[in-house]
Amino acid sequence: MAEPNGFCAGVRRAIAMVERALDIHGAPVYVRKEIVHNHYVVRALERRGAVFVDSEQEVPEGAVCLFSAHGVAPAVRAGAHARRLRTIDATCPLVSKVHQEARRFARNGRTVLLVGHAAHEEVEGTYGEAPDRTVVVEDEADARGLDLPRDTPVALLTQTTLSVAETAGITRVLRERFHDLVTPADSDICYASTNRQVAVRQVARRSDLVLVVGSRNSSNSLRMVEVARDTGTPAHLVPEVSELRESWLAGGAVDTVGVSAGASAPQILIDELLARLDELGFHEVGPVRTAVEDVEFAMPAHLTADRGPG
């Protein structure tokens, strides 16, 4: 069992904010996009009265609307204001940091090179901070093909859920391409993504098969599968225990199974997978701990006050 695994501080905070908003305001509370990328979490919150929508324009005027942990563009905030929505911002503080960097670099006249997946909500939000000065770079081919002079002042920002290895090649190409490239003082890739990648890599080196609990739209979970495979060990994403294929374990080639979970995967899904593996003959569970996480992100004061529904 790779440790750390499962919920990170930003995910815990975002889920708690939806739950607290329901306690204070009562149902329905609207959430723009999935609060975090996990189907089990979304369904559980729906049962409590959360309503997930694709756009703030779908929220009734004057209603309570939460922004997801992945962040939103200023245009979304403006749209919510125009509809007089009572907004609650559950953006992960580490994502907010990247937004602040994008604004600062753009104000300073730099072109922001945003490394990430263009269709991911986090990238959409960061891009929206300075769309006229931001270029999304998805891979090394994009980096090589940028139609910008070599002396263009540029700044390099990164989607928080990528892998260090995934961004290293892109960063190398961009440093070769541009003479005036700056980066933030601290890496944009979040501590939780890095910690889980390091742990799953260590587990993969000691395993015949790696299983990562996480939803298919969870970027950090998908990166963990890739990191495990990069070691040469077969690895699969397991959104829930019903999707575990016994054929992965058949044939006598698997003596040791490595298990981890993405930063938005709840403990119940991990426990269900371990229970099923136990039924299949994998009884002993040993931890492989590569880091200890003690990070906590506080909720806004208006959600922590002792208030009843209203």
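Structure's up top.
Within any chain, residue numbers begin from 1 and follow the written order of that chain's sequence. The model is predicted, so local features are restricted to residues of pLDDT at least 70 and side-chain atom pairs to those at 80 or more, both for listing and for counting; the totals for chains, interfaces and linings are taken over all residues. Values shown for side chains rest on all heavy atoms present in the structure; no hydrogens or waters enter the calculation.

A.B. asks: Run through the sheet that holds strand 3 (residues 50–53), naming residues and quoting values.
C.D. replies: Spatial ordering of the open sheet is given by 3-2-4-5, a layout of four strands whose pairing is parallel. What marks the edges here is a single partner per strand, and that holds for strand 3 and strand 5 (86–89). Here the average twist between neighbouring strands, direction ignored, is 30°. Along the sheet, helix 1 (residues 9–25) makes contact with strand 2 (29–32), strand 3, strand 4 (64–67) and strand 5, crossing strand 5 at roughly 150°. Think of it this way: DSSP has to see at least two bridges between two strands before they count as a pair. Working definition: helices are DSSP H or I runs of at least four residues, strands are E runs of at least two. Numbering for both runs from the N terminus. Fitted lines through C-alpha atoms serve as axes, helices being fitted only where they are in contact, and the angles separating the N-to-C directions of these axes extend from 0 to 180 degrees. Only heavy atoms enter the contact rule, under which two residues are in contact if any of them lie within 4.5 Å.

A.B. asks: Describe the packing of helix 1 against helix 2 (residues 39–48), naming the residues involved and giving the relevant values.
C.D. replies: The geometry of a pair of packed helices is captured by two quantities: the angle between their axes and the separation between those axes. Between helix 1 and helix 2, whose axes approach to 11 Å, the crossing angle comes to 5°. Classified by the angle between their axes, helix 1 and helix 2 sit roughly parallel to one another. Where helix 1 approaches helix 2, its residues Ile15, Val18, Glu19, Leu22 and Asp23 are matched on the opposing element by Val41, Leu45 and Arg48. Ten residues, namely Ala, Val, Leu, Ile, Met, Phe, Trp, Tyr, Cys and Pro, are considered nonpolar, four, namely Asp, Glu, Lys and Arg, are considered charged, and the remaining ones, Gly among them, are considered polar. The residue makeup of the contact of helix 1 with helix 2, split by class, is five nonpolar, no polar and three charged. With respect to orientation, any angle under 35 degrees is reported as roughly parallel, any angle over 145 as roughly antiparallel, any angle of 65 to 115 as roughly perpendicular, and every other angle as oblique.

A.B. asks: Got a sec to walk through the nonpolar core? Specific residues and values, please.
C.D. replies: We define the nonpolar core as a collection of buried residues of types Ala, Val, Leu, Ile, Met, Phe, Trp, Tyr and Cys that are connected through side-chain atoms lying within 4.5 Å of one another. Only protein chains enter the accessibility calculation, which uses a 1.4 Å probe; a residue whose area is less than 20% of its type maximum is buried, one above 50% is exposed, and one in between is partly exposed. By size, the foremost hydrophobic cluster in this structure holds 27 residues, and its most contacted members are Val18, Ile35, Val36 and Leu66. Listing elements by their share of this core, those giving two or more residues are helix 1, strand 2, helix 2, strand 3 and strand 4. Residue contributions to this core peak at eight residues, all from helix 1. With sequence-adjacent residues up to four places away left out, Leu66 is seen in contact with Met17, Val18, Ala21, Val29, Tyr30, Val31, Arg32 and Ile88.

A.B. asks: So, the packing of aromatic side chains: which residues are in play, and what are the values?
C.D. replies: Think of it this way: a Phe, Tyr or Trp ring, Trp meaning its six-membered ring, pairs with another when their centres are within 6.5 Å, and the plane angle makes it stacked under 30 degrees, edge-to-face over 60, tilted otherwise. The tally for this structure, following the rule as stated, stands at zero aromatic pairs. A cation over a ring is seen here: Arg104 above Phe105, with NZ or CZ 4.5 Å from the ring centre. Note on geometry: a ring has a charge over it if NZ (lysine) or CZ (arginine) is within 6 Å of the ring centre and within 35 degrees of the ring normal.

A.B. asks: Before we move on, could you go through helix 10 (residues 267–279) and cite the residues and values that matter?
C.D. replies: Along an α-helix, a turn takes 3.6 residues, which lines up residues three or four apart on a common side. What a helix should span is 1.5 Å times the count of its residues minus one. Along its 13 residues, helix 10 runs 19 Å from first to last C-alpha, staying within 8% of the 18 Å computed at 1.5 Å per residue. Taken together, the buried positions of helix 10 are Leu269, Ile270, Leu273 and Leu277. The buried residues of helix 10 occupy an angular sector of 100° when the element is viewed end-on, so they sit on one face. Residues of helix 10 that are buried in the fold lie against helix 2, strand 10 (209–213), strand 11 (235–238) and strand 12 (257–261). Following helix 10 by one or two positions, Gly281 adopts a phi angle in the positive range, close to 105°. Along the arc lie the directions from the helix axis toward the C-beta atoms.

A.B. asks: If you had to explain the pairing of strand 4 to someone new, which residues and values would you point to?
C.D. replies: Going residue by residue along strand 4, you find Val64 and Leu66 tucked away on one face and Cys65 and Phe67 tucked away on the opposite face as well. In the sheet, strand 2 pairs with strand 4 via three bridges, with the strands oriented parallel. Bridge pairing in strand 4 links Val31 to Leu66. Bridge analysis of strand 4 against strand 5 gives four bridges, and the strand direction is parallel.

A.B. asks: Account for the sheet that holds strand 12, with residues named and values stated.
C.D. replies: Taken in spatial order, the three strands of this open sheet run 11-10-12, and their pairing is parallel. At either end of the open sheet lies a strand with only one pairing partner, and these are strand 11 and strand 12. Sheet twist, expressed as the average angle between the axes of neighbouring strands with direction ignored, equals 20°. Bridge count for strand 10 against strand 11 is four bridges, and the pairing is parallel.

A.B. asks: I'd like a rundown of the environment of Pro287, residues and numbers included.
C.D. replies: Mapped onto the fold, Pro287 is located in the loop between helix 10 and strand 13 (288–289). Residues contacting Pro287, with those up to four places away along its chain left out, are Met1 and Glu3.

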